[in-house]
Amino acid sequence: MTRHAQSERLLLCDELDRLGPDRPTLCEGWDTRDLAAHLVIREGRPDLAVGTILPFLHARLEREQHRMAQGDYSALVGRVRQGAPAWNPMSHPKVDELTNLVEYFVHHEDVRRAQADWEPRDLPAALQGKLWSALKRSARLMFRKSATGIVLIGEGQGRYAAKLPDQHGTVILRGAPAELVLYAYGRKDVARVELEGDADDIAALQQAELGIS
């Protein structure tokens, strides 16, 4: 079993180590240290991570994440590199691949593409295929707030109807699966995706809030 999630995790950690704690990311309000703290909490502190879905615990999550981010940066990145603790199902390779591939791919690009000199990576076909499969599983959730219909065309992968039109017509999104994933998860400004459709429909899609939030 090829562990693409593990590869993206390690590449992200290499990038975090290379850049240091105070470089920007595409996650609004987060430097590299904040992103590293987020990942440690996500896998190792479910008592805090629940604050992402329970509003009354969100302030506690933010406070503890900030405190963690101010600690030893190298140790923090080291904890991300180690992966989930043994008690967490995400420590098992198959669960890790299913639950963490997109998480670590997107956050790897959040770090890379926030820097001035970034260029798209030449990703292997197998990884593009895994990202396409993951996108099809999540696309209806990611595009749920779009008023337009959504058809995804992944280079070398095929076509997927992600959403029926609501108030507008349908927009076709065409690109490499990795770029479509980034667009679907709200990284519109940096995703190398072609949009096809009526100009008003495209404008409506560009204004829509995409992703999990």
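In this text the structure is predicted, and so the values were computed from the model without any measurement. In this numbering scheme, every chain counts its residues from 1 along its sequence in written order. The predicted origin of the model limits local features to residues at a pLDDT of at least 70 and limits the giving and counting of side-chain atom pairs to 80 or more, whereas totals for whole chains, interfaces and linings rest on all residues. Here the side-chain values reflect all heavy atoms present in the structure, with hydrogen atoms and water set aside.

*Asks:* It is not clear to me how the overall build of the chain should be interpreted in this structure. Could you clarify?
*Replies:* Think of it this way: any DSSP run of H or I at least four residues long counts as a helix, any run of E at least two long counts as a strand, and we number them from the N terminus. Along the chain, the regular secondary structure elements total 9 helices and 4 strands. Against the 2.2 N^0.38 benchmark of 17 Å for 213 residues, the chain shows a C-alpha radius of gyration of 18 Å, consistent with a compact globule. Considering only C-alpha atoms, the chain reaches an extent of 50 × 40 × 35 Å along its principal axes. Counting all 213 residues of the chain, 50% fall into the buried class. In this analysis, two residues are considered to be in contact whenever any of their non-hydrogen atoms come within 4.5 Å of each other. Taking the contacts inside the chain whose residues are at least 6 apart along the sequence as the reference set, 59% of them involve residues at least 24 apart. Here the open area of atoms and residues is found with the Shrake-Rupley method and a 1.4 Å probe, where only the protein chains shown may cover a residue. If you sum the accessible surface of the chain, you get close to 10800 Å²; carbon and sulfur atoms cover 51% of it. We score Asp and Glu as negative and Lys and Arg as positive, and we do not count His or the chain ends. By convention, charge coordinates are those of NZ in Lys, CZ in Arg, CG in Asp, or CD in Glu. Averaging the locations of the 28 positively and 31 negatively charged side chains of the chain gives two centres separated by 6 Å. Using C-alpha atoms as the atom set, the radius of gyration is obtained and then compared with a globule rule of 2.2 Å times the number of residues to the power 0.38. The buried label applies to any residue whose accessible area, calculated with a 1.4 Å probe on protein chains only, is under 20% of its type's maximum; exposed applies above 50%, and partly exposed to all values in between.

*Asks:* Mind showing me how you'd approach the sheet that holds strand β3 (residues 170–175) here?
*Replies:* Here a strand pair is declared whenever DSSP counts at least two bridges between the two strands. An order of β2-β1-β3-β4 is seen for the 4 strands of this open sheet, with the pairing classed as mixed. With one partner strand each, in any of the chains shown, β2 (158–163) and β4 (194–196) form the two edges of the open sheet. Across this sheet, the average inter-strand angle for adjacent strands is 20°, counted without regard to direction. Across 5 bridges, the pairing between strand β1 (residues 149–154) and β2 is antiparallel. Following the sheet pairing, I153 is matched in β2 by R159. Note on method: axes are straight lines fitted to C-alpha atoms, helices fitted across the in-contact stretch only, with angles between N-to-C directions ranging 0 to 180 degrees. The strands that helix α8 (residues 177–184) touches are β1, β3 and β4; relative to β3, the one it contacts most, it runs at about 135°. Contacts between helix α9 (residues 199–207) and the sheet are confined to β1, β3 and β4, with β3 contributing the most and set at about 70° to the helix.

*Asks:* Just checking my understanding: could you explain the layout of surface pockets for this structure?
*Replies:* The method is simple in principle: a probe with the dimensions of a water molecule rolls over the atoms, and the space it marks as empty is what remains. Only protein atoms enter the 1 Å grid used here, on which a cavity is any set of points holding a 1.4 Å probe that cannot leave and a pocket is any open set flanked by protein within 12 Å on both sides along at least five of seven lines; residues with an atom within 4 Å of a point are listed as lining. Grid points are joined across faces, edges and corners, and a volume is the space filled by probe spheres set on the points. For the largest pocket, the calculated volume is near 1800 Å³. Forming the boundary of the largest pocket are 45 residues, of which H38, E103, H107, R187 and I212 lie nearest the centre. Residue assignment for the lining of the largest pocket shows that the elements contributing at least two residues are α2 (32–44), α3 (46–49), α4 (58–69), α6 (93–112) and α7 (125–142). Per-element tally for the lining of the largest pocket: the top contributor is α6, with 8 residues. Under the scheme applied here, ten amino acids are nonpolar (Ala, Val, Leu, Ile, Met, Phe, Trp, Tyr, Cys and Pro), four are charged (Asp, Glu, Lys and Arg), and all others, including Gly, are polar. Here the lining of the largest pocket is composed, by residue class, of 20 nonpolar, 13 polar and 12 charged.

*Asks:* Looking at this structure, how should I read the pairing of β1?
*Replies:* Regular strands show a simple pattern: their side chains alternate between the two faces of the sheet. For β1, a buried count of 6 out of 6 residues is recorded, marking the element as mostly surrounded by other parts of the structure. Hairpin geometry of β1 and β2 is characterised by an intervening segment of 3 residues between the two adjacent antiparallel strands and by a positive phi of about 75° at G156.

*Asks:* Sorry if this is basic, but what is going on with α9 here?
*Replies:* Count 3.6 residues to each turn of an α-helix, and residues three or four apart come out pointing the same way. Restricting attention to buried positions, one finds in α9 the residues D201, I202, A204 and L205. Each buried residue of α9 sits inside an arc of 160° when the element is viewed along its axis, so together they form one side. In α9, the exposed positions angled more than 90 degrees off the buried face are occupied by A199, D200 and Q207. For α9, the elements touching its buried residues are β1, β3, α8 and β4. The definition of a polar contact used here is a pair of N or O atoms within 3.5 Å, where within protein one atom must be able to donate a hydrogen and the other to accept one, and adjacent residues in sequence count solely through side-chain atom pairs. Two to three positions downstream of the cap, the backbone nitrogen of D200 sits 2.9 Å from a side-chain oxygen, assigning the N-cap of α9 to D198. The arc refers to the directions leading from the helix axis to the C-beta atoms.

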